[in-house]
Amino acid sequence: MDFQSPTTLKEKKALLKKLETVGTTCMDCGQKYGVYSVGCSSVWNGTCGVCGEDKRVTETRDFAYFITGIRKLKLEIQNEKSQSKTKVQQSEESSC
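Procedures and definitions
- Residues numbered from 1 in each chain as written.
- Predicted model: local features only at pLDDT ≥ 70, side-chain atom pairs only at ≥ 80, totals over all residues.
- Heavy atoms only, no water.
- Helix = DSSP H or I, 4+ residues; strand = E, 2+ residues; numbered from the N terminus.
- Buried < 20%, exposed > 50% of the residue type's maximum accessible area, 1.4 Å probe, protein only.
- Contact = heavy atoms within 4.5 Å.
- Polar contact = N/O pair within 3.5 Å; in protein donor to acceptor, adjacent residues only side chain to side chain.
- Expected span 1.5 Å × (residues − 1).
- Arc of directions from axis to C-beta.
- Patch = residues over 30% accessible without salt bridge, like charges linked within 9 Å, V, L, I, M, F, W, Y side chains within 5 Å.
- Areas by Shrake-Rupley, 256 points an atom, 1.4 Å probe, with all protein chains shown as cover.
- Salt bridge = Lys/Arg side-chain N within 4 Å of Asp/Glu carboxyl O.
- Pairing = 2+ DSSP bridges.
- Axes fitted to C-alpha atoms, helices over the stretch in contact; angles between N-to-C directions.

(A) Quick peek at the environment of aspartate 62. For aspartate 62, the location among the structural elements is in the loop between strand 3 (54–59) and helix 3 (67–95). Given the relative accessible area of 7%, aspartate 62 is considered buried. Residues aspartate 62 and threonine 24, spaced 38 residues apart in sequence, show a C-alpha to C-alpha distance of 9.5 Å. Setting aside anything within four residues of it in sequence, one finds aspartate 62 in contact with Val35, Tyr36, Ser37, Val38, Ser41 and Ser42. In this structure the side chain of aspartate 62 is engaged in a polar contact, spanning 2.5 Å, whose partner is the side chain of threonine 58.

(B) Just helix 1 (residues 9–21), in detail. Relative to the 18 Å expected for 13 residues at 1.5 Å per residue, helix 1 spans 19 Å between its end C-alpha atoms, a close match to the ideal helical length. The set of residues buried in helix 1 consists of Lys12, Leu15, Leu16 and Leu19. On an axial view of helix 1, the arc spanned by its buried residues comes to 105°, and they lie on one face. Exposed side of helix 1, more than 90 degrees from the buried face: Lys10, Lys17 and Thr21 are the residues found there.

(C) Quick peek at a nonpolar patch on the surface. Together, Met27, Tyr36, Val38 and Val43 make up an exposed nonpolar region whose accessible area comes to about 280 Å². Examined against the element boundaries, methionine 27 turns out to sit in helix 2 (residues 27–33).

(D) Spatial organisation of the environment of phenylalanine 63. Relative to the elements of secondary structure, phenylalanine 63 occurs in the loop between strand 3 and helix 3. Using a relative accessible area of 1% as the deciding quantity, one classes phenylalanine 63 as buried. In this structure phenylalanine 63 touches Thr25, Met27, Gly30, Gln31, Gly34, Val35, Tyr36, Ser37 and Thr58, once residues within four positions along its chain are discounted.

(E) Highlighting the sheet that holds strand 3. Across the sheet, three strands lie side by side as 1-3-2; this open sheet has antiparallel pairing. The sheet is open, and its two edges are formed by strand 1 (24–26) and strand 2 (44–47), each paired on a single side. Across this sheet, the average inter-strand angle for adjacent strands is 65°, counted without regard to direction. Relative to strand 3, strand 1 is paired through three bridges, and the arrangement is antiparallel. Bridge pairing links threonine 25 to threonine 58 in strand 3.

Below, the structure is given as structure tokens:
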């Protein structure tokens, strides 16, 4: 499966909200956004709450509730907002 990483702030915020609230995940999404934290998982055929594909899924708790992906996204969002504020401040200073 080929994942498209979110590029805009809006896409990152949407993915963050999804990761914080989703209950099931496929192994591909689990490995991308989390860390496999158990030795054995219950899996079943269902719809992945992240990518929306019908495949074998498990609970997000098996991937530490995506805490690593959530932290990374929050940091990216924070950095992007910070850079945006800096650019606004610089443009205001240069127009004076």
